[in-house]
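Each chain, written out:
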Amino acid sequence: PFITLACPRCKTARAAPAPIKTPGYGVAFAQAFVTALDGSRAKAGDTARVVLTAAFSEDGLAGDYIEFSGLDGPGSDGGLVADVAPSTVTLHWYASRKIVRMTLNGRVAKKAPIEAVIETDLKVPSNGLALRANLDDSVWSPGGVSEWLADPVKVHAALNQKIGAIQDDYGYDIGNVALDNVEHNPTADTTPVGALVNGTLDFGADAKAGAPADVDILLQFVAPLVEHDVITIDFGSASSTGVSTTEVLGVDADKVSARIAGTTATFTILQDVKAKQFVRLTIPATAGLGPPLNGIEDDDIEASVSVEAAHGAVAATSLVVRRPVCALSKGSLEIEGATAPEPGTLRDILLDLKLTRAASSSSRIELRLPNYANHSSTYAEIDDGNVTIDRILNRNDTDSYLRLMIRPFVPLSSIKVALYQVKLPSGSSYLNQRDFVLRIDDVNQEGCSLKEFVPLSNVEPIGLSSSTLSYDDDARVGEAAAFELKWAYGQSFFGGKIKWRLPGWTLAGQNNRTGTARVFAGRATALANVSFDVDDQVLYLAKLPRARKAQTEFVLKMPIKFGLKPPRLGDGAGPSVSYQIQDKSAAFTPVQSMDVRLPCIHTASLAFHAPRPVVGDASGFTLTWNTSTESANNGFILKDGIVLLSLPGWLPRGAAATALASQARASLTVGGIDGANFSAVLTGAAALELTAKTDLRQLNYEIIVPPDVVAPAYGLSSYNDVALHLAPRGTASTSSRDWVASVDVHFPTPVCSLIDPVNASVWIGRGAVDTIMERFDLADTFKNRAF
């Protein structure tokens with residue numbers, strides 16, 4: 001405390017009373033604990049989960065408050081949604097001052113903690129948060145480090161009760177206690193949050209798409225870095241030869257140790273780096289890193305940097321590419337003429353291509369136009385180059401494409417090709433069709449090179465400009481399902497029909513069916529005629545609403561009561577769509593988009609290891625199943641995909657039973673061909689849960705469950721209530737839910753049980769009795785449980 005004493009005998013000469021300064025008076029302690037909403041590292045500039053904890057140094061009364069400053073929040077004043085304890089405390093946000101205020105509505109004892117958990121509204125400042133205002137006493141770095149560019153959260157308290165004046169022995173006021181004010185804001189114990197100030201990558205002026213190059217890295221952080229901090233860079237869609245190396249170059253190479261493997265690089269700090277000091281590193285081309293195979297058009301390759309640091313971790317933050325690498329910045333296909341293009345007609349076409357870097361005269365540019373065809377009168381024109389045209393046929397004149405090979409005579413970054421009298425596809429060509437592609441092969445590596453095909457950015461549609469099939473949440477293969485069809489015409493629609501070919505689909509009852517369903521087209525609507533032909537597997541729609549505006553979306557929601565069932569082995573055969581306007585028809589074209597394909601399990605089988613299994617037998621078993629190529633993900637099970645074998649009423653045995661006595665899940669080690677590909681647990685609900693450790697690109701699977709794990713508690717025939725369920729993408733889900741397939745499990749060898757042991761009897765004899773016993777052979781796998 002600083003005290004000014006007055007002379008009582010010299011009143012005219014004494015100084016004015018000065019307050020006793022007690023830094024921190026009013027706040028006993030304060031903390032701001034900050035994480036991301038999911039509990040992970042908080043990211044500068046993002047909404048965060050904030051836990052504010054504080055206590056008064058004296059008893060707090062109604063009206064007293066503590067304020068926290070240093071966080072970002074809503075643009076206007078208002079109450080904050082929070083979980084606050086004690087309940088007599090309210091929370092308010094003051095936007096102009098960026099203040100969170102805890103206000104007491106009743107008495108709170110001194111040093112009693114007040115806590116508020118806020119999971120909405122508050123954000124970490126874009127430049128992060130510091131741990132301390134004064135880093136000399138930092139628990140992370142006792143010796144102290146340079147100052148941060150960020151600030152910690154600060155607190156300010158207001159106690160309404162009067163403390164009173166301090167008097168000397170003669171009764172003169174010589175001072176009073178000053179409560180906290182804006183001149184003294186103690187620092188809360190703040191979770192440090194680092195932030196990236198600048199972060200860029202550069203593959204060099206001569207970089208080629210898909211080719212290894214030197215990668216220059218420039219990083220700058222708000223918080224200092226100290227020894228043992230780790231910087232991790234994920235290079236996103238960059239190409240890589242898969243080489244691993246520890247070599248790193250650049251001005252600051254001596255400040256780090258490096259490890260580069262594939263598209264991930266980690267740098268461990270060896271020497272302290274001050275706040276805002278640049279870190280300059282270069283990964284040499286020998287590490288195998290390079291631009292993406294399709295080049296870099298803008299500045300984003302989805303690369304990011306994250307830092308584990310004592311003075312503030314940095315959550316994954318995007319890096320910027322300083323210059324583009326040969327890419328197709330524009331690729332458009334326009335159909336010339338005043339009238340809308342009709343499928344199968346001859347029309348003139350203009351191709352307009354722009355590259356971020358000129359293609360050299362030694363390059364070959366290949367374009368593919370799916371389902372287009374040349375004609376005896378077809379020819380092409382181009383400035384400063386030549387074009388050859390071929391039609392490539394696949395699969396008996398289906399899935400064909402028109403191939404253009406362009407050879408520039410001089411380096412060109414802008415290329416225009418005019419095609420005359422080209423035959424348009426007989427079906428639809430969608431607006432966002434991704435198989436109109438281009439690639440550039442530069443044998444001399446003198447100019448732009450795109451080793452992989454990249455799609456054109458804009459293709460004029462023919463016929464239908466889009467089509468989509470999506471399922472209701474409860475859809476399953478082989479069962480009646482509700483689904484939704486969407487489509488749009490590339491021109492105005494004033495009446496006609498549309499047909500959807502649904503290969504493998506069936507109807508409940510197997511007979512053709514007709515009905516009506518509501519179809520919407522923008523604001524227009526109509527009750528359309530709907531029919532399904534079982535033999536042709538075609539859904540017909542007629543009496544559709546009109547749409548004056550081109551590309552108006554039509555929507556049909558087919559109810560489950562209509563009885564259409566997706567194919568038992570999956571819908572990967574590919575639905576297609578056709579239409580008829582007046583006397584003009586378009587050929588069937590594959591549906592452009594299916595939000596999700598339904599998974600399926602073809603068959604599943606469980607074989608006990610005991611030759612004659614009985615109730616209670618825990619001899620172990622082999623589980624096999626296979627999926628269909630027509631299923632979701634082509635039948636593959638992706639990483640974290642789940643296979644669940646439900647065993648209702650089965651009994652755990654051995655170590656699994658012991659573990660399940662005290663917990664809900666027991667870990668298992670399974671064998672078989674695919675045992676190493678899955679982690680396995682037995683649940684208390686008698687289910688074997690298998691989780692894929694990696695993407696499994698196969699159709700047939702085998703798992704062996706060892707003895708003394710689980711046993712049937714009742715007799716089992718060939719098919720029972722034992723089922724296998726598959727979620728091939730695990731917890732990864734669509735916007736609505738994860739998609740699951742199920743199938744009953746087949747038992748090659750049934751489990752026998754004696755249902756009525758009291759009245760059972762055994763005949764030992766010859767003749768007719770022996771014949772009966774042979775007819776009811778217990779080893780016959782297809783006999784009933786009753787004998």
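Criteria and thresholds
Residues numbered from 1 in each chain as written. Predicted model: local features only at pLDDT ≥ 70, side-chain atom pairs only at ≥ 80, totals over all residues. Heavy atoms only, no water. Helix = DSSP H or I, 4+ residues; strand = E, 2+ residues; numbered from the N terminus. Buried < 20%, exposed > 50% of the residue type's maximum accessible area, 1.4 Å probe, protein only. Areas by Shrake-Rupley, 256 points an atom, 1.4 Å probe, with all protein chains shown as cover. 1 Å grid on protein atoms, 1.4 Å probe; cavity = no way out; pocket = protein on both sides within 12 Å on 5 of 7 lines; lining within 4 Å. Points joined across faces, edges and corners; volume = space filled by probe spheres on them. Nonpolar A, V, L, I, M, F, W, Y, C, P; charged D, E, K, R; others polar. Disulfide = S-S within 2.5 Å. Pairing = 2+ DSSP bridges. Phe/Tyr/Trp six-rings, centres within 6.5 Å; stacked < 30°, edge-to-face > 60°. Salt bridge = Lys/Arg side-chain N within 4 Å of Asp/Glu carboxyl O.

I'm lost on the overall build of the chain in this one. Help?
Helix and strand content of the chain: two helices and 58 strands. When burial is assessed residue by residue, the chain has 46% of its 787 residues classed as buried. Counting only carbon and sulfur atoms, one obtains 50% of the accessible surface of the chain, whose full area is about 37500 Å².

Please clarify how empty space enclosed by the protein should be interpreted in this entry.
Empty space among the atoms becomes visible once a probe the size of a water molecule is rolled across them. This model, assessed by the stated rule, comprises two cavities of 30 Å³ or more. Of the pockets and cavities examined, the second largest cavity occupies roughly 30 Å³. Along the walls of the second largest cavity sit Gly-194, Ala-195, Phe-221, Ala-223, Pro-224, Leu-225, Gly-312 and Val-314, which together make up its complete lining. In the lining of the second largest cavity, the residues fall into six nonpolar, two polar and no charged.

What is the right way to read the state of the cysteines from this model?
Think of a disulfide as a covalent bridge from one cysteine sulfur atom to another cysteine sulfur atom. Within this structure, the stated rule accounts for one disulfide. A disulfide bridge connects Cys-326 with Cys-448, and the sulfur atoms are separated by 1.3 Å. Pair noted here: Cys-326 is in the loop between strand S25 (320–321) and strand S26 (328–335) and Cys-448 is in the loop between strand S33 (437–442) and strand S34 (450–455), with a separation of 122 residues, a long-range link.

Explain the sheet that holds strand S29 (residues 379–382) to me, please; I cannot follow it from the model alone.
What links the strands of a sheet is backbone hydrogen bonding, and the strands pair in either a parallel or an antiparallel sense. The sheet built from five strands is open, its strands ordered S29-S32-S27-S26-S35 with mixed pairing. Edge strands, defined here as strands with exactly one partner in the open sheet, are S29 and strand S35 (458–459).

Sorry if this is basic, but what is going on with the packing of aromatic side chains here?
Centre-to-centre distance and the angle between the planes together describe a pair of aromatic rings. This structure, assessed with the given rule, holds 16 aromatic pairs. Taken together, a centroid distance of 5.9 Å and an interplanar angle of 85° make the contact between Tyr-372 and Phe-436 edge-to-face. With Tyr-372 in the loop between strand S28 (363–370) and S29 and Phe-436 in the loop between strand S32 (412–423) and S33, the pair connects residues that are 64 residues apart, well separated along the chain. Comparing Tyr-372 with Phe-436, the two get one shared label, buried. Considering the side-chain rings of Phe-493 and Phe-554, the 5.5 Å spacing of their centres and the 85° angle between planes classify their relative orientation as edge-to-face. Taken together, the residues Phe-493 in the loop between strand S37 (483–489) and strand S38 (497–501) and Phe-554 in strand S43 (residues 553–558) connect sequence positions 61 residues apart.

When you look at the environment of His-746 in this model, what are you seeing that I'm missing?
Positionally, His-746 belongs in strand S58 (residues 741–746). Sequence-wise, His-746 and Ala-607 are 139 residues apart; in three dimensions their C-alpha atoms are separated by 8.5 Å.

Could you clarify how one ought to interpret the sheet that holds S38 in this entry?
The strand order across the open sheet formed by 10 strands is S46-S45-S38-S42-S41-S40-S43-S37-S36-S47, and the pairing between neighbours is mixed. Every other strand in the sheet has two partners, leaving strand S46 (584–590) and strand S47 (593–594) as the edge strands with one partner each. Where strand S45 (residues 576–581) lies against S46, five bridges are found, and the strand directions are antiparallel. Looking at S46, one finds that Tyr-579 is bridged to Ala-586.

Please explain the pairing of strand S4 (residues 65–69) as it appears in this structure.
Burial of S4 is extensive: five of the five residues sit out of reach of the surface. A two-sided burial pattern is seen for S4, the buried positions comprising Tyr-65, Glu-67 and Ser-69 on one face and Ile-66 and Phe-68 on the other. Note: S4 against strand S8 (residues 99–104), five bridges, orientation antiparallel. Pairing of Glu-67 across the sheet is with Arg-101, part of S8. Relative to strand S10 (residues 154–158), S4 runs antiparallel, the two being bridged by five bridges. Paired with Ile-66 across the bridge in S10 is Ala-157.

Can you walk me through the pattern of salt bridges in this structure?
Should the charged atoms of two oppositely charged side chains come close, the side chains can pair. Enumeration over the complete set of coordinates arrives at 19 salt bridges. One salt bridge in this structure joins Arg-97 and Glu-67, with 2.9 Å as the shortest N-O distance. With Arg-97 in the loop between strand S7 (89–94) and S8 and Glu-67 in strand S4, this residue pair connects regions lying 30 residues apart in the sequence. Linking Lys-330 and Asp-352 is a salt bridge whose minimum nitrogen-to-oxygen distance equals 2.9 Å. Separated by 22 residues along the polypeptide, Lys-330 in strand S26 and Asp-352 in strand S27 (residues 346–359) bring together distant segments of the chain.

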